[in-house]
Amino acid sequence: MLKTEYSPLLETFKFKNGIELKNRVVMAPMTNFSSNEDGTVSRPELDYYIRRSGGAGMVITACVYVSRGGKGFPGEFGADHDGLIPSLRELAEAIKGEGAKAVLQIFHGGRQCPPEQLVDGQPVSASDVPAELPGGGQGAVPRPLTDEEITGIIADFGEATRRAIEAGFDGVEIHGANGYLLQQFFSPHSNRREDRWGGDLQKRLAFPLAVLRSVKAAVKQHAEGAFLVGYRFSPEEPETPGITMADTFALIDALTAEGLDYLHASLMELWSLPRRGTEDSRPRIEQIVDRAGDKAPVIGVGSLYSAADALKSLDSGISLVALGRPLLIEPDWVQKLAGGRADEIKTELDPAAQAELVIPDPLWRALIHTPGWLPVKQ
């Protein structure tokens, strides 16, 4: 490894449980719409991960549904029954075979699930509050989950964790961000319940914490060695009422009190500023790192395309730098950095480079037809 100004990004990182990453770069979880209809991982999807797993120290997969009623996307792969373990094993081996640690992101979409992706066409959530959509529209009205269904989904997260362990993954990341089911229970916007799963802040924390406990119990029972448990969260919501920075701090306190291996702050822009719930005007990520303290390392993500962007992100105090869109554009991001060729890292998508970038057709169509999501080479 060449010694350069970017060397801090290439230093090894060891979690408290002993798992060590070869560098501080993580591939962020990104939906790719490319799995088979039966929930198995497709060959183009495996090739896509192999192409991107040679550089990063850790790869977090696209989210998998833990319950069939939580499928949030077309072409999403699953972890909701044991028949999918061989497929999951293929993916874990593909990632690990390139030298990265493999983490499976586990999720339930809740009210964000498109009705056409569900067997009964009925999204579920904490309450019957539809999502507010950009442009002033609303999503489908979800059916409130019963107490029995809630405890079933909590168990499903534990079972998905067991399957991840049996498949050979190095960890799981609980997806509590981006408006999906765990966030729906934590948010005062989407959770209007008055039972043990909703009401005040502590009751709105009950479901996320129960999921974390279920996952940790599965790890204790089934993992023979060290196994990572992370939690991804969105720091704030634009809705009123909605999650504020003060709520976010309470979530961080509760998660770290339970004990977990890392926190992953989901941000479109790493340096974005808080809206409400704090008098501190510093970027959210700095306040999140301060709140986590030495109790859990924080992964930061958000529009870090160039080597300089990623290096500067460490100034926020984060332990690991997650790259999502940058690794779509430049699969050799880390290799170029390590080879002293940081100036050769591409930061705009080449519309003619699908084959070279090994991006499956469904994901490629989504990238090309989503204006503004990626910088595109003109």
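Residues numbered from 1 in each chain as written. Predicted model: local features only at pLDDT ≥ 70, side-chain atom pairs only at ≥ 80, totals over all residues. Heavy atoms only, no water.

(A) Local environment of the overall build of the protein chain. In terms of regular secondary structure, the protein chain is built from 14 helices and twelve strands. In terms of overall dimensions, the protein chain is globule-like: its C-alpha atoms have a radius of gyration of 20 Å, near the 21 Å expected for 378 residues. In terms of overall dimensions, the protein chain has C-alpha extents of about 60 × 50 × 50 Å along its principal axes. Buried positions account for 58% of the 378 residues belonging to the protein chain. Restricting the contact set of the protein chain to residue pairs at least 6 apart, pairs at least 24 apart contribute 69%. (Helix = DSSP H or I, 4+ residues; strand = E, 2+ residues; numbered from the N terminus. Rg over C-alpha atoms; globule rule 2.2 N^0.38 Å. Buried < 20%, exposed > 50% of the residue type's maximum accessible area, 1.4 Å probe, protein only. Contact = heavy atoms within 4.5 Å.)

(B) View of the UniProt feature "domain: NADH:flavin oxidoreductase/NADH oxidase N-terminal" (unreviewed entry) in the protein chain. Taken from the UniProt record, the annotation "domain: NADH:flavin oxidoreductase/NADH oxidase N-terminal" (unreviewed entry) applies to residues 9-344. Helix makes up 34% of residues 9-344 and strand 15%, and the two end C-alpha atoms of the span are 17 Å apart. (UniProt positions renumbered as here; feature names shortened; annotations may be inferred.)

(C) Local environment of the pattern of salt bridges. Taken as a whole and judged by the stated rule, the model has 22 salt bridges. Its salt-bridge partner being R51, residue D332 comes within 2.9 Å of it at the nearest N-O pair. Of the two residues, D332 sits in the loop between helix 11 (325-329) and helix 12 (333-338) while R51 sits in helix 2 (residues 43-52), which places them 281 residues apart along the sequence. On the basis of relative accessibility, which here comes to 23%, the residue D332 falls in the partly exposed class. With a closest N to O distance of 2.9 Å, E149 and R143 form a salt bridge. (Salt bridge = Lys/Arg side-chain N within 4 Å of Asp/Glu carboxyl O.)

(D) Spatial organisation of the nonpolar core. Of all hydrophobic cores here, the largest spans 101 residues; its most connected members are L104, I106, F169, I174, F207, L263 and W333. For this core, the element with the highest residue contribution is helix 4 (residues 147-167), accounting for eight residues. (Core = buried A, V, L, I, M, F, W, Y, C linked by side-chain atoms within 4.5 Å.)

(E) Representation of the packing of helix 8 (residues 245-258) against helix 9 (residues 284-292). Following both chains from N to C, one finds helix 8 and helix 9 inclined at 35 degrees, their axes separated by 9 Å at the closest point. When you trace helix 8 past helix 9, the crossing you get is right-handed. For the pair helix 8 and helix 9, the contacting residues are M245, F249, I252 and D253 in the first and R284, Q287, I288, R291 and A292 in the second. For the contact of helix 8 with helix 9, a count of residues per class yields five nonpolar, one polar and three charged. (Axes fitted to C-alpha atoms, helices over the stretch in contact; angles between N-to-C directions. Left-handed = near helix turned anticlockwise from the far one by under 90°. Nonpolar A, V, L, I, M, F, W, Y, C, P; charged D, E, K, R; others polar.)

(F) Inspection of the packing of aromatic side chains at higher detail. In this structure the tally under the stated criterion is nine aromatic pairs. Where F33 meets F73, the ring centres are 6.1 Å apart and the plane angle is 75 degrees; that geometry is what we call edge-to-face. Of this pair, F33 sits in the loop between strand 3 (25-27) and helix 2 while F73 sits in the loop between strand 4 (58-65) and helix 3 (85-96), and the two are 40 residues apart along the sequence. F73 gets classed as buried once you look at its relative accessible area, which sits at 15%. Measuring from centroid to centroid gives 5.0 Å for Y48 and Y49, while their planes differ by 75 degrees, and the two rings are edge-to-face. A connected cluster of aromatic rings, assembled from ring pairs, spans F33, F73, F107 and Y180. (Phe/Tyr/Trp six-rings, centres within 6.5 Å; stacked < 30°, edge-to-face > 60°.)

(G) Looking closely at the pairing of strand 11 (residues 298-301). Burial along strand 11 is two-sided: the face carrying V298 and G300 and the face carrying I299 and V301 are both buried. In terms of strand pairing, strand 10 (residues 262-265) meets strand 11 through three bridges, oriented parallel. Its bridge partner being in strand 11, L263 is matched across the sheet by V298. With helix 9 bridging strand 10 and its parallel neighbour strand 11, the resulting β-α-β unit is right-handed. Relative to strand 12 (residues 320-323), strand 11 is paired through three bridges, and the arrangement is parallel. By the bridge assignment, I299 is partnered in strand 12 with L320. With respect to chirality, the unit in which strand 11 leads through helix 10 (residues 307-313) into the neighbouring parallel strand 12 is right-handed. (Pairing = 2+ DSSP bridges. Right-handed = clockwise from strand over helix to strand, strands pointing away.)

(H) The arrangement of the environment of L209 in detail. Relative to the helices and strands, L209 resides in helix 7 (residues 206-222). On the basis of relative accessibility, which here comes to 10%, the residue L209 falls in the buried class. Taking the C-alpha atoms as reference, L209 lies 30 Å from K96; in sequence the two are 113 residues apart. When near neighbours in sequence (up to four residues on either side) are disregarded, L209 contacts A254, L255 and E258.

(I) Inspection of unusual backbone geometry at higher detail. Cis geometry marks the peptide bond from T240 to P241, where omega comes out at -10 degrees. Checked against the element boundaries, P241 lands in the loop between strand 9 (228-233) and helix 8. Phi at N178 is positive, roughly 55 degrees, even though this residue is not glycine. Of note, N178 is situated in the loop between strand 8 (171-176) and helix 5 (181-186).

(J) Examining the environment of A307 more closely. Note that A307 resides in helix 10. The buried category is assigned to A307, whose relative accessible area is 3%. Remark: the alpha-carbon pair of A307 and P86, spanning 221 residues in sequence, is separated by 37 Å. Setting aside anything within four residues of it in sequence, one finds A307 in contact with Y6, L9, W333, L337, A342 and I345.

(K) Representation of the packing of helix 7 against helix 8 within the structure. Contact geometry for helix 7 and helix 8: axes closest at 11 Å, N-to-C directions at 25 degrees. With respect to their mutual orientation, helix 7 and helix 8 come out roughly parallel. Of the two elements, helix 7 crosses helix 8, and the hand of that crossing is right-handed. Side by side, helix 7 and helix 8 meet where L209, L212, R213 and K216 of the first sit next to A254, L255 and E258 of the second. (Parallel < 35°, antiparallel > 145°, perpendicular 65-115°, else oblique.)

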